[in-house]
Amino acid sequence: MAEQIPLLKSPADREAFFIGLYKKAFPAVAHYVNRMGGTFDEAQDVFQDALVIYYEKVQASSICVSEKAYLLGIAKHLWSQAYKANSKNQPLEDTDMQAEQDEQPSTGKLMHYLETAGQKCMELLKAYYYDHLPVGDVATLFGYTGIRSATVAKYKCLEKVRDKVKQNSLSYADFVE
Amino acid sequence: MRTSLNNIKAIEDHIFGYNTPGDVLVFEARMILSSGLRDEVQQQEKTYKVIRQYSRKQLKAEIAAVQEKLTTEPEHRGFMQHIINLFKKY
């Protein structure tokens with residue numbers, strides 16, 4: 001049965017959403033992993049990655065699907081990718097999702113900067129581009145007076161991060177040359 | 001908005017395909033003429049990837065915290081214990 005996806009505005013909303021998904025779908029995923037000879041830790045790893053993929057899908061497209069069936073489907077796919085044949089010790093990092101991640105340009109140094117000095121901007125940009133929140137909700141959540149000031153703040157942050165990314169690329173180029 | 005922010009918006013509209021066909025042609029012509037603009041487009045594409053990388057990391061941390069909560073908090077412990085028991089070999 002298709003389910004309506006709630007608007008997840010805050011960490012508290014997401015926590016409630018993920019707890020609900022654990023209760024609905026984790027038992028089925030754990031049964032599957034157990035049947036395939038996996039461990040509890042492996043079931044948790046597979047389920048965590050499946051939740052990330054599911055979250056990105058629903059936030060980007062607001063698709064309405066059966067949560068349990070969808071998560072079980074993703075988890076089975078992840079399991080077959082990572083633990084098939086005799087490569088049981090191969091980590092989940094070798095899945096399609098990770099291949100996508102590997103093309104990310106961020107070095108540890110840049111990410112560390114963004115997580116510390118640039119955190120406020122990154123949270124704002126995350127709300128826009130990853131959580132896909134409506135601009136009015138972003139304005140309220142981050143204490144802006146209106147949609148216009150929130151939009152200007154978004155572009156200022158984007159400029160700031162883009163400059164950092166550029167700086168990072170230049171120093172990397174200097175390093176490798 | 002100041003000019004540099006309008007430029008960022010224009011690049012964003014181009015990357016995300018928000019432009020009309022006419023605007024696409026004009027933007028592509030500008031890119032042919034300006035290596036600076038081409039570089040900016042490339043840096044901005046990288047920036048969106050960095051935002052996704054950062055966001056995924058934060059989301060994974062939130063999910064890990066939920067898992068920890070389900071394992072340790074008394075109101076959820078029965079649920080997790082039931083699943084752990086599945087994996088016990090008798």
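Residues numbered from 1 in each chain as written. Chains lettered and ligands numbered in written order. Predicted model: local features only at pLDDT ≥ 70, side-chain atom pairs only at ≥ 80, totals over all residues. Heavy atoms only, no water.

Brief notes about the overall build of chain A
Okay, step 1: Counting its regular elements, chain A contains eight helices and zero strands.
Okay, step 2: The order of helices and strands in chain A, counted from the N terminus, is α-α-α-α-α-α-α-α.
Okay, step 3: Sorting the 177 residues of chain A into buried and exposed places 46% on the buried side.
Okay, step 4: A separation of at least 24 residues holds for 64% of the contacts in chain A among residues at least 6 apart in sequence. (Helix = DSSP H or I, 4+ residues; strand = E, 2+ residues; numbered from the N terminus. Buried < 20%, exposed > 50% of the residue type's maximum accessible area, 1.4 Å probe, protein only. Contact = heavy atoms within 4.5 Å.)

Concerning the overall build of chain B
Okay, step 1: Helix and strand counts for chain B come out as four helices and zero strands.
Okay, step 2: By the compact-globule yardstick of 12 Å for 90 residues, chain B is too spread out, its C-alpha radius of gyration being 24 Å.
Okay, step 3: Once the C-alpha set of chain B is aligned to its principal axes, its extents read approximately 70 × 30 × 20 Å.
Okay, step 4: Taken across its 90 residues, chain B has 34% of its residues classed as buried.
Okay, step 5: For chain B, the proportion of contacts with a sequence separation of at least 24, taken over those separated by at least 6, is 32%.
Okay, step 6: Of the accessible surface of chain B, which amounts to about 5,200 Å², a share of 56% is contributed by carbon and sulfur atoms.
Okay, step 7: Taken as two groups, the 14 positive and 11 negative side-chain charges of chain B have centres that lie 8 Å from each other. (Rg over C-alpha atoms; globule rule 2.2 N^0.38 Å. Areas by Shrake-Rupley, 256 points an atom, 1.4 Å probe, with all protein chains shown as cover. Lys, Arg positive; Asp, Glu negative; His and termini not counted. Charge placed at Lys NZ, Arg CZ, Asp CG, Glu CD.)

Digging into the interface of chain B and chain A
Okay, step 1: Between chain B and chain A, the residue contacts involve 43 residues of the former and 54 residues of the latter.
Okay, step 2: Summed over both sides, the interface between chain B and chain A buries roughly 4,900 Å², with carbon and sulfur atoms accounting for 65% of that surface.
Okay, step 3: Taken as a group, B:Tyr54, B:Arg56 and B:Phe87 account for 16% of the area that chain B buries against chain A, more than any other trio of residues on that side.
Okay, step 4: Between the two partners, chain B and chain A, sit eight salt bridges. (Buried area = accessible area lost by both parts, 1.4 Å probe. Salt bridge = Lys/Arg side-chain N within 4 Å of Asp/Glu carboxyl O.)

Section: the state of the cysteines
Simply put, disulfide is the name for a covalent bond between the sulfur atoms of two cysteines.
Residues and elements named next belong to chain A.
Okay, step 1: Within the structure shown, the criterion is met by one disulfide over all chains.
Okay, step 2: Here Cys121 engages in a disulfide with Cys157; their sulfurs sit 2.1 Å apart. With the S-S bond torsion at -75°, the cross-link from Cys121 to Cys157 turns out left-handed. Note that Cys121 is positioned in helix 6 (residues 119–129) and Cys157 in helix 8 (residues 147–176), a separation of 36 residues in sequence. (Disulfide = S-S within 2.5 Å.)

A closer look at helix 1 (residues 3–15) of chain B
Okay, step 1: If you check helix 1 of chain B, its first and last C-alpha atoms are 18 Å apart, about what 13 residues at 1.5 Å a residue would give, namely 18 Å.
Okay, step 2: At the exit of helix 1 of chain B stands B:Gly17, carrying a positive phi of roughly 70°. (Expected span 1.5 Å × (residues − 1).)

Quick look at the packing of helix 1 (residues 11–35) of chain A against helix 4 (residues 74–86) of chain B
Okay, step 1: Look at helix 1 of chain A against helix 4 of chain B: their axes get within 9 Å of each other, and the N-to-C directions meet at 10°. Between helix 1 of chain A and helix 4 of chain B, the interaxial angle falls into the category roughly parallel. Residues A:Ile19, A:Tyr22, A:Lys23, A:Phe26, A:Pro27, A:Ala30, A:His31 and A:Asn34 of helix 1 of chain A touch helix 4 of chain B, and the partners they reach there are B:His76, B:Phe79, B:Met80, B:Ile83 and B:Leu86.
Okay, step 2: Here the residues of the contact of helix 1 of chain A with helix 4 of chain B sort into nine nonpolar, three polar and one charged. (Axes fitted to C-alpha atoms, helices over the stretch in contact; angles between N-to-C directions. Parallel < 35°, antiparallel > 145°, perpendicular 65-115°, else oblique. Nonpolar A, V, L, I, M, F, W, Y, C, P; charged D, E, K, R; others polar.)

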